[in-house]
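Listed below, chain by chain, are the residues.
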Amino acid sequence: MAQKNLTAKVSFWKQQEEEHKQKQLINPFSSWEGASHRQTLSKEDEHYGRPVEGSKTEFRGKMAGEMVSHEIIELCCVLRNLGHQQGNGNYHITFRDLFEAYTKISNKLVGMLMRARKQNLVEFEGEMLWQGRDNFVVIALLKETLAILPPPVPGQ
């Protein structure tokens, strides 16, 4: 009985070793001597900078992307609820007013604003917003963004 358990453990660890070797063969950053025929990196490769399909890394990346998307939608809802609608349909709010209200929700306001701007959901002047210096910079929630937001909750 003990011999059978030992054989199973040895077999398990041999399998782990072989899987690790195979991963090292395709790992372009491996310094393992046996990886002489490893892939070379090319920025033109469609898989460059992407995790292996079906891996835990890919799954975690997708989950993180979804979380960021939800936070951006939440930020846009806050902008709509606290901002003042302009004649062109956009909602405007100063960075200071948004910062004061949003710090109760999240400490990632500037990062979320930059992501939202990259996705053409909001507009504001400058590369980065700094508390104090940029208090009166106007942040505009673009009217096109309203189509992707859930309906406003009455009383907010």
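Up top is the structure these notes are about.
Criteria and thresholds
- Residues numbered from 1 in each chain as written.
- Predicted model: local features only at pLDDT ≥ 70, side-chain atom pairs only at ≥ 80, totals over all residues.
- Heavy atoms only, no water.
- Salt bridge = Lys/Arg side-chain N within 4 Å of Asp/Glu carboxyl O.
- Helix = DSSP H or I, 4+ residues; strand = E, 2+ residues; numbered from the N terminus.
- Buried < 20%, exposed > 50% of the residue type's maximum accessible area, 1.4 Å probe, protein only.
- Core = buried A, V, L, I, M, F, W, Y, C linked by side-chain atoms within 4.5 Å.
- Contact = heavy atoms within 4.5 Å.
- Axes fitted to C-alpha atoms, helices over the stretch in contact; angles between N-to-C directions.
- Parallel < 35°, antiparallel > 145°, perpendicular 65-115°, else oblique.
- Nonpolar A, V, L, I, M, F, W, Y, C, P; charged D, E, K, R; others polar.

A. The arrangement of the pattern of salt bridges in detail. Per the counting criterion, the structure on display carries six salt bridges. Here Lys21 ties to Glu17 by a salt bridge, and the two come within 4.0 Å at their closest N and O atoms. Separated by four residues within a single helix, Lys21 and Glu17 lie in helix 1 (residues 2-26), roughly one turn from each other. Among the residues examined, Glu17 registers a relative accessible area of 38% and is labelled partly exposed. The salt bridge involving Lys108 is made with Glu71; its shortest N-O contact spans 3.2 Å. Residue Lys108 is found in the loop between helix 3 (95-102) and helix 4 (109-118), and its partner Glu71 is found in helix 2 (residues 56-82); the two are separated by 37 residues along the sequence. Sharing partners across several salt bridges, the network here consists of Lys14, Glu17 and Lys21.

B. Summary view of the environment of Trp13. Here Trp13 shows up in helix 1. Taking the C-alpha atoms as reference points, Trp13 and Arg133, 120 residues apart in sequence, are found 59 Å from one another.

C. Representation of the nonpolar core in the model. Core analysis: the largest hydrophobic core is formed by 24 residues, its most contacted members being Leu75, Leu79, Leu98, Leu113, Val122 and Ile139. Looking at which element gives the most residues to this core, the answer is helix 2, with seven residues. Look past the residues within four positions of Leu79 in its chain and what remains in contact with it is Tyr91, Ile93, Leu98, Val122, Ile139 and Leu141.

D. Representation of the packing of helix 2 against helix 4 in the model. Look at helix 2 against helix 4: their axes get within 10 Å of each other, and the N-to-C directions meet at 95°. Put simply, helix 2 runs roughly perpendicular to helix 4. In this structure, helix 2 contributes Val68, Glu71, Ile72 and Leu75 to the contact, and helix 4 contributes Leu109, Met112, Leu113, Arg115 and Ala116. The class makeup of the residues in the contact of helix 2 with helix 4 is seven nonpolar, no polar and two charged.

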